[in-house]
Amino acid sequence: MRILIKNGYIIDPSQGIDGVGDVLIEDEKISEVRSQKSEVRSQKENKLKTPNSRLGESPKETELRTIEAKSMYVFPGLIDMHTHLREPGFEYKETIKTGTMAAVRGGFTTVCAMPNTNPVNDNSSVTDLIIRKAIQEGACTVYPIGAITKGQKGEELAEMGIMHAEGCVAFSDDGSPVMNSLVMRRALEYSRTFNVPIISHCEDMHLSEGGVMNEGLLSLTLGLRGIPSEAEEVMVARDIALARLTNGRLHIAHVSTEGSVRLVRQAKEMGINVTAETCPHYFSITEDAVKGYNTNAKVNPPLRTQKDIDAIKQGLKDGTIDVIATDHAPHHRDEKLREFDQAPSGISGLETALSLSLRLVYEGVLTMAQFVEKMTANPARILRLDKGTLKVGSDADVVIIDINKEFKVETEKFSSKGKNTPFDGWNLKGMAVMTICKGKIYDIS
Amino acid sequence: MKLFSKDLLGIKELTKDEIILILDTASGFKDVLKRDIKKVPALRGKTAVNLFFEPSTRTRTSFELAEKRLSLDVLNLAVTTSSVVKGESLIDTALNVQALGADFMIIRHSSSGAPHLLSKNINASVINAGDGVNEHPTQALLDAFTIKEKLGEIEGLRIAIVGDILHSRVAKSNIYLLTKFGAEVRLIGPPTLVPQESESLGVKVFHDMDSGLRDVNVVMMLRIQMERQGKGFFPSTLEYFRYWGLTAERLSVADDNAIVMHPGPMNRGIEISSEIADGPRSVILEQVTNGIAIRMAVLYLLAGARG
């Protein structure tokens, strides 16, 4: 089947496209992109072209579906490099099927599954299971992220090479950071063999012990144990130092504090091999969301303060922060309907990330192209994926966005099993109306 | 006048007028407690359930007695005998208790905000008998009642709260109450136990007793929670007592008529010396008596707030 997306405003930072034009999809691949402001690209000019031999073989395959995208934006499908799909082991929270449906609904065509499943994705058989399940049941592409250490215990390195060969695109002990600096050093060194990033959840577990929200006046008045910004920052500083020592590829997950932004900026200025991501909740809401013991605002790292939000926006603007990821962390309703300190941390983020991030464009923090880059080309570059692009010959992953469409966040309508979000009831503007994953069309509106 | 809410979650949530109403009502109940027959039929036919998820003798017995003095039917549910050990969630436990016909649920819980969670999910009146390190509102109310009884108006008094502020819900409730009434509140303790942010609550922070206690009218000692020892907040109880223990010598810089309070249970020789605890300035046992009157007032007024 062929799909022609006509008259949309195409932005593809991977090849500098920024203008009205058409995208043609053939055989699940991008076969042509034509836009007014950029040169015409067709398969003839591109080395990555796919043989068109099947074209015309049967009437079905030559069938052309035309999608009118006038006044819409057309981007490469979004990539979420930080997703918790919960399968295997926590299928009551989310499955690969429901999680990828949520992704598609949110405009994502690729998600990277964090390894804190049960069993942990610390060996190739779990990697293989996730990939197989994703192919069978997934709505979009899933790349697993392997554990840095066996059992995410922070002691012995997991079999990175074998897992990488099986399909893991990065390694992380997300949720239970590698506290032992020597082990982290080894991980950053060893992973260089395979040129894969180490994604660090930066948290000094001693400093954050027992903490459930940001430390400050609010944690004092709520009587909740605080996690100081410094619990994140000392580990960001440590990992940057280790990246300098080892020349390994360090990616800092979910930056939440002003100090972390400063440290990453400084490291980049020094030429250290470090990249960073943040999540929509860290630039959208402050710790105030916790008031009233709202467990849906419990997340790790915790929601911080306005000055942190300002610094993160600045970091996104000046390129210190490369990526907007969701840290989609679905939980069961019963788990969140608990005492605040007993409830698990996490926000179900796939279905609000795009709209919340678009606010940065409306506010003038990012240009539309910068925004698209942080959700497509940059994560693709960090993870070395042939994704997040409309280059001819690449997978037909496309998202069509209506930035004028206003809607109310209703968790009951989420595809994700996780309804845990502090953004329930928010009125947002701009959403994916159609997501195309490898040529398969999901009509969202 | 009535209380605005069906629940007593914390001092934070109360207005000054509501606090005055509770204190005035308690005064009437204190007279009842002095009578030969100490029981009134005010809440006959209603049921109170004391849900204690943390061990407590003083607060639980005080609530129980207050409930009985008001002719409430009383049920005590302690954590060791409840379904919680079988893994039942707090809300399920509370819904079951409500189904038994509870009109009041008095809850003590190690998680801050546990009473707030119940308040949102059940219809019975929820009374916070201490939640995590958040609040212990009836303790602050009985402390205020005791101070007023001994020294008159709270406004303008210099009141020192000494010890483990960080882990003390009693301190928090007292800070909210006393600052609402215009007292000068001082917090004294080692920096590891007195959070820096405290000053934003309108109090003064001191780390040494001699300057902190100077000219104060009230000294509120807090219990050093022995389970904190060995967690690195201070090196030893010996050293703690040397710097922050209340002795006659330390107290000598306070106002001549200063009173000494303690929410109990006391660690003699760790935060307070026996000569002070048992001395003429101690009002510690009166606090206990006043606690019953305060809790009667709270139960009575909440019943009225429900209409």
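Focus on the overall build of chain A
At step 1: Secondary structure assignment for chain A yields 14 helices and 19 strands.
At step 2: Scaling as 2.2 N^0.38, a compact globule of 445 residues should have a C-alpha radius of gyration of about 22 Å, and chain A matches this with 21 Å.
At step 3: For chain A, the spread of C-alpha atoms along the three principal axes comes to 65 × 45 × 45 Å.
At step 4: For chain A, buried positions account for 57% of its 445 residues.

Digging into the sheet that holds strand S7 (residues 204–206) of chain B
Residues and elements named next belong to chain B.
At step 1: With respect to topology, 5 strands assemble into an open sheet ordered S7-S6-S5-S8-S9, the strand pairing being parallel. Each edge of the open sheet carries a strand with a single partner, namely S7 and strand S9 (259–261). Going from strand to strand, the sheet's axes swing by 20 degrees on average, the running direction of each strand aside.
At step 2: Two strands pair when backbone bridges link them, and strand S5 (residues 158–162) and strand S8 (residues 218–221) are joined in this way by 4 bridges, in the parallel orientation. Among the inter-strand pairings, Ala160 is bridged to a residue of S8, identified as Val219.

Some thoughts on the environment of B:Glu88
Residue and element names in this part refer to chain B.
At step 1: Assignment of secondary structure puts Glu88 in the loop between strand S2 (73–78) and helix H3 (90–99).
At step 2: Given 14 C-beta atoms within 10 Å, Glu88 falls into the partly exposed group.
At step 3: Between the alpha carbons of Glu88 and Phe181 there is a distance of 41 Å; along the sequence they are 93 residues apart.

Focus: the interface of chain B and chain A
At step 1: In this complex, chain B contributes 21 residues to the contact, which on the side of chain A involves 14 residues.
At step 2: It is helix H4 (residues 114–121) of chain B that provides the largest number of residues to the side of chain B that touches chain A, a total of 3 residues.
At step 3: Broken down by class, the residue content of the side of chain B that touches chain A amounts to 6 nonpolar, 10 polar and 5 charged.

Focus on the domain arrangement of chain B
Residues and elements named next belong to chain B.
At step 1: Looking at chain B, the domain boundaries give domain 1 (16–135 + 288–306) and domain 2 (137–285).
At step 2: Using only C-alpha atoms to locate each centre, domain 1 and domain 2 end up separated by 26 Å.
At step 3: With 21 residues of domain 1 at the interface, the matching set in domain 2 holds 19 residues.
At step 4: Counting residues per element, the ones that place at least two in the side of domain 1 that touches domain 2 are helix H1 (16–34), strand S4 (125–131) and helix H11 (284–306).
At step 5: It is H11 that contributes the most residues to the side of domain 1 that touches domain 2, 7 residues altogether.
At step 6: Of the residues that constitute the side of domain 1 that touches domain 2, the class distribution is 9 nonpolar, 7 polar and 5 charged.

Some points on the sheet that holds strand S3 (residues 104–109) of chain B
All names here are of chain B.
At step 1: One open sheet holds the 4 strands; their spatial order is S2-S1-S3-S4, and the pairing between them is parallel. The strands lining the two open edges of the sheet, one partner per strand, are S2 and S4. Taking each pair of neighbouring strands and ignoring which way they run, the sheet shows an average axis angle of 15 degrees.
At step 2: Pairing geometry for strand S1 (residues 47–52) and S3, over 5 bridges, is parallel.

Side note on the pairing of strand S6 (residues 73–76) of chain A
Residues in a regular strand project their side chains so that they alternate between the two faces of the sheet.
Residue and element names in this part refer to chain A.
At step 1: Taken together, the 2 bridges between strand S1 (residues 2–12) and S6 define a ladder with parallel strand orientation. Looking across to S6, one finds that Ile10 is bridged to Val74.
At step 2: Inspection of the sheet shows S6 paired to strand S17 (residues 398–408) by 4 bridges, in the antiparallel sense. Following the sheet pairing, Tyr73 is matched in S17 by Ile401.

Here we look at H1(B)
Residues and elements named next belong to chain B.
At step 1: Given a rise of 1.5 Å per residue, 19 residues ought to cover 27 Å, and the 27 Å separating the end C-alpha atoms of H1 matches this to within 8%.
At step 2: Three or more residues of H1 are buried, namely Ile19, Ile22, Ala26 and Phe29. For H1, the angular spread of the buried residues around the axis is 85 degrees, confining them to a single face. Turned more than 90 degrees from where H1 packs its buried face, Lys16, Asp17, Asp24, Asp31 and Lys34 sit exposed.
At step 3: On its buried side, H1 packs onto helix H5 (137–151), helix H6 (169–180) and H11.

Details of the packing of H5(B) against H6(B)
All names here are of chain B.
At step 1: It is the contact of H5 with H6, at a shortest axis distance of 8 Å, that shows an interaxial angle of 55 degrees. With respect to H6, the axis of H5 lies oblique. Classified by chirality, the crossing of H6 by H5 is right-handed. Within the contact between the two elements, H5 uses Pro137, Gln139, Ala140, Asp143 and Ala144 and H6 uses Val170, Ser173, Asn174 and Leu177.

Quick notes on the nonpolar core
At step 1: Counting 112 residues, the largest nonpolar core has B:Met105 and B:Val219 as its most contacted members.
At step 2: Broken down by element, the residue count for this core peaks at 11 residues, all from H11(B).
At step 3: The contacts of B:Met105, once residues within four sequence positions are left out, are B:Val49, B:Leu51, B:Ala94, B:Val97, B:Leu118, B:Ile122, B:Ala124 and B:Val126.
At step 4: Counting 111 residues, the second largest nonpolar core, distinct from the first, contains A:Val323, A:Ala325, A:Val372 and A:Ile436.

Considerations on unusual backbone geometry
At step 1: With an omega of 5 degrees, the peptide bond running from A:Glu87 to A:Pro88 counts as cis.
At step 2: Its location among the elements puts A:Pro88 in the loop between strand S7 (78–83) and helix H2 (96–105).
At step 3: Backbone torsion omega between B:Gly264 and B:Pro265 reads -10 degrees, so that peptide bond is classified as cis.
At step 4: Locating B:Pro265 in the fold gives a position in the loop between S9 and helix H10 (274–277).
At step 5: Phi is positive for A:Asn7, which is not a glycine, with a value near 65 degrees.
At step 6: As for its placement among the helices and strands, A:Asn7 is situated in strand S1.
At step 7: On the basis of neighbour counts, which here come to 15 C-beta atoms within 10 Å, the residue A:Asn7 falls in the partly exposed class.
At step 8: One non-glycine residue, A:Arg384, lies in the positive phi region at around 55 degrees.
At step 9: Turning to its location among the elements, A:Arg384 is positioned in the loop between helix H14 (377–383) and S17.

Procedures and definitions
- Sequence positions are assigned chain by chain, starting from 1 and proceeding in written order.
- Written order determines the labels here, with chains lettered from A and ligands numbered from 1.
- Residues qualify for local features only when their pLDDT is at least 70, as the model is predicted, and side-chain atom pairs are given and counted only at 80 or more; totals for whole chains, interfaces and linings, by contrast, use all residues.
- Strands here mean DSSP runs of E at least two residues long; helices mean DSSP runs of H or I at least four residues long; both are numbered from the N terminus.
- For a compact globule the rule gives 2.2 Å times the number of residues to the power 0.38, and the radius of gyration it is set against comes from C-alpha atoms.
- In this scheme the burial state of a residue depends on its C-beta neighbours within 10 Å: 20 or more other such atoms mean buried, 12 or fewer mean exposed, and anything in between means partly exposed; the C-beta positions come from the backbone.
- Between any two strands, pairing holds if DSSP finds at least two bridges.
- Helix axes use the C-alpha atoms of the stretch in contact, all axes being lines fitted to C-alpha atoms, and the angles between their N-to-C directions lie in the range 0 to 180 degrees.
- We call two residues in contact when their backbone-placed C-beta atoms lie within 7 Å.
- Under the scheme applied here, ten amino acids are nonpolar (Ala, Val, Leu, Ile, Met, Phe, Trp, Tyr, Cys and Pro), four are charged (Asp, Glu, Lys and Arg), and all others, including Gly, are polar.
- In this document the domain limits rely on a domain assignment from an automatic tool or a database.
- Helices are assigned an expected span. That span is 1.5 Å times one less than the residue count.
- The arc refers to the directions leading from the helix axis to the C-beta atoms.
- Put simply, angles under 35 degrees are roughly parallel, angles over 145 are roughly antiparallel, angles from 65 to 115 are roughly perpendicular, and the rest are oblique.
- Handedness of a crossing follows from how the near helix is turned relative to the far one, being left-handed for an anticlockwise turn of less than a right angle and right-handed for a clockwise one.
- By convention in this section, buried Ala, Val, Leu, Ile, Met, Phe, Trp, Tyr and Cys residues joined through C-beta atoms within 7 Å make up a nonpolar core.

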